[in-house]
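# Overview (structure and organization)
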Amino acid sequence: MNPFEIVPIGSTGVTVTRLGLGLAPIGGLYRSVGDDVAMATIDRAWAHGIRYFDTAPLYGAGRSERRAGAALAHRDRDAFTLSTKVGRVLVRGDDGDGGGGGGGMWAESTPETPRFDFSAAGIRRSYADSLARLGMDRADILHIHDPDEHYADAIGAARPALVDMRAEGQVGAISVGMNQSAMLTAFARTGDFDCFLLAGRYTLLDQSGLGDLLPECRARGLSIIAGGVYNSGILADPVDGATYDYRPAPDSLLTKARAIRDICDEHGVPLRAAALQFPLGHPSVACVVIGMRSPAEVDDAVAMASVEIPGRLWRDLIDAGLLPDGVPTP
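This report concerns the structure included in the present document.

What counts and how
- Residues numbered from 1 in each chain as written.
- Predicted model: local features only at pLDDT ≥ 70, side-chain atom pairs only at ≥ 80, totals over all residues.
- Heavy atoms only, no water.
- Pairing = 2+ DSSP bridges.
- Helix = DSSP H or I, 4+ residues; strand = E, 2+ residues; numbered from the N terminus.
- Axes fitted to C-alpha atoms, helices over the stretch in contact; angles between N-to-C directions.
- Buried < 20%, exposed > 50% of the residue type's maximum accessible area, 1.4 Å probe, protein only.
- Right-handed = clockwise from strand over helix to strand, strands pointing away.
- Parallel < 35°, antiparallel > 145°, perpendicular 65-115°, else oblique.
- Left-handed = near helix turned anticlockwise from the far one by under 90°.
- Contact = heavy atoms within 4.5 Å.
- Nonpolar A, V, L, I, M, F, W, Y, C, P; charged D, E, K, R; others polar.
- Core = buried A, V, L, I, M, F, W, Y, C linked by side-chain atoms within 4.5 Å.
- Patch = residues over 30% accessible without salt bridge, like charges linked within 9 Å, V, L, I, M, F, W, Y side chains within 5 Å.
- Areas by Shrake-Rupley, 256 points an atom, 1.4 Å probe, with all protein chains shown as cover.
- Salt bridge = Lys/Arg side-chain N within 4 Å of Asp/Glu carboxyl O.
- Expected span 1.5 Å × (residues − 1).
- Phe/Tyr/Trp six-rings, centres within 6.5 Å; stacked < 30°, edge-to-face > 60°.

### Points about the sheet that holds strand E3 (residues 19-22)
Strand order in the closed barrel formed by eight strands is E3-E4-E5-E8-E9-E10-E11-E14, and the pairing between neighbours is parallel. Each neighbouring strand pair of the sheet contributes to a mean axis angle of 25°, computed without reference to strand direction.

This is how it looks when you write it as structure tokens:
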């Protein structure tokens, strides 16, 4: 695949590169990154040709957005696509309830913690605060972030707020980003969204999105941004202790991932390359977003996205029962 191919998001005027840079890691996900490495990571992505960048207030309680803004400040704003997320606002102290902040998943402490807020006022505040941290006048795509336990508020208040903000020209495309496909399908059926960020549910190990969300998006002309394609590590390297959805992977999934790896090895294809490219076989998947925390990780992702994968590899995976019959492949 050409990781730098420019493709449209739904019927909007927003475009993305096939490979996007996920900016959770530069927010200090699990371990400290530092400003210099964060800047170098974005610079390396830009030098390669990546033009889609995805961040969120959650990522390091604003640290990712600040670092992304600093790294992109001198770039032509019309030359790249930026997405951030709403549904959490950052509050001073420890009274947040939306995950993140210092400690836990985030290694670099900040004085703020996230708090869920899917009200219309909260959505507008979240976006305004994000733009202030980014130092920009707009994002191109806004995702409602992790509304799993807040569906009523997200669909009843956040959704119409985003529809209004798009009509006002504040953002080019509106979306929801989640780690499940069923609720995203419900959002798709409202007819109000342009795209969805589906994390971990359309991968070499988990094609659950193929049963509901992807057909719905195909019928409606909506785009999917695929995240979590390594399922948090197991599809990068299925060693003992590998993680799946941020937890130790069960033995059954380790066995399956190793069987997929063995077939990839037979074709001289790294497992990471197959995992990264597989989602792009579906016509509704516009791009794949990979979290990267260093220039070396950017180089690796670009290399994996550029590997030529023979069609026989996908057929062998289907014949072995490791992918379902009829699944679209690149």
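The rest of the description comes next.
### Examining unusual backbone geometry
Of note in the backbone geometry, Asp 245 takes a positive phi value of approximately 50° without being a glycine. Assignment of secondary structure puts Asp 245 in the loop between strand E12 (243-244) and strand E13 (247-248).

### Things to note about the pairing of strand E10 (residues 195-199)
Within E10, five of the five residues are buried, which leaves it mostly tucked inside the rest of the structure. The sheet contact formed by strand E9 (residues 173-178) and E10 spans four bridges and is parallel. Within E10, the residue paired with Val 176 across the bridge is Phe 196. Traced from E10 through helix H6 (residues 213-220) to strand E11 (residues 223-227), the parallel crossover comes out right-handed.

### Here we look at the packing of helix H3 (residues 120-134) against helix H4 (residues 151-167)
Where H3 meets H4, the axes come as close as 8 Å, and the angle between the chain directions of the two elements is 50°. Between H3 and H4, the angle falls in the class oblique. Crossing of H3 over H4 shows right-handed handedness. When H3 is examined against H4, the residues Ala 120, Ile 123, Arg 124 and Tyr 127 are found in contact with a partner set consisting of Ala 157, Ala 158, Ala 161, Leu 162, Asp 164 and Met 165. Looking at the contact of H3 with H4 residue by residue, the classes come out as eight nonpolar, no polar and two charged.

### Things to note about the packing of helix H1 (residues 35-48) against helix H2 (residues 63-72)
Taken N-terminus to C-terminus, the directions of H1 and H2 make an angle of 55°; their axes are 9 Å apart at the nearest point. By the angle between their axes, H1 is oblique relative to H2. You can see that H1 and H2 cross each other, and the crossing is right-handed. Contact with H1, carried on its side by Asp 35, Ala 38, Met 39, Ile 42, Asp 43 and Trp 46, involves Arg 67, Ala 68, Ala 70, Ala 71 and Leu 72 of H2 and no other residues of that element.

### A few points about the nonpolar core
Looking at soluble globular proteins, one finds that nonpolar side chains tend to be buried together. In this structure, Phe 53, Phe 196, Leu 204 and Ile 234 are the most contacted members of the largest nonpolar core, which totals 91 residues. If near-sequence neighbours (up to four positions away) are discounted, Ile 234 is found in contact with Leu 205, Ala 242, Thr 243, Tyr 244, Ala 249, Leu 253, Leu 254, Ala 257 and Leu 271. The next biggest cluster of nonpolar side chains, apart from the first, holds 13 residues, and it includes Val 7, Val 14, Ile 225 and Ala 286.

### Considerations on the environment of Thr 81
By the secondary structure assignment, Thr 81 is in strand E5 (residues 81-86). Setting aside chain neighbours within four positions, we find Thr 81 in contact with Val 14, Thr 15, Val 16, Arg 51, Tyr 52, Phe 53, Asp 140 and Ile 141.

### Examining a nonpolar patch on the surface
Taken together, Tyr 30, Met 105 and Tyr 246 make up a surface patch of nonpolar side chains, about 340 Å² in accessible area. Structurally, Tyr 30 is set in the loop between E3 and H1.

### A word on helix H9 (residues 295-306)
For the α-helix, the turn length of 3.6 residues means that residues three or four positions removed from each other point alike. Its twelve residues give H9 an end-to-end C-alpha distance of 17 Å, which sits within 8% of 16 Å, the value for a rise of 1.5 Å per residue. Buried within H9 are the following residues: Pro 295, Val 298, Ala 301, Val 302, Met 304 and Ala 305. Buried-residue contacts for H9 involve E3, H1, helix H8 (271-277) and strand E14 (285-291).

### Points about the packing of aromatic side chains
Counted under the stated rule, the structure contains eleven aromatic pairs. Pairing Phe 278 with Trp 314 gives two aromatic rings, centres 6.1 Å apart and planes at 40°, and the pair type is tilted. Pair noted here: Phe 278 is in the loop between H8 and E14 and Trp 314 is in helix H10 (residues 311-319), with a separation of 36 residues, a long-range link. Residue class for Phe 278 comes out buried when judged on its relative accessible area of 0%. With relative accessibility at 1%, the residue Trp 314 sits in the buried group.

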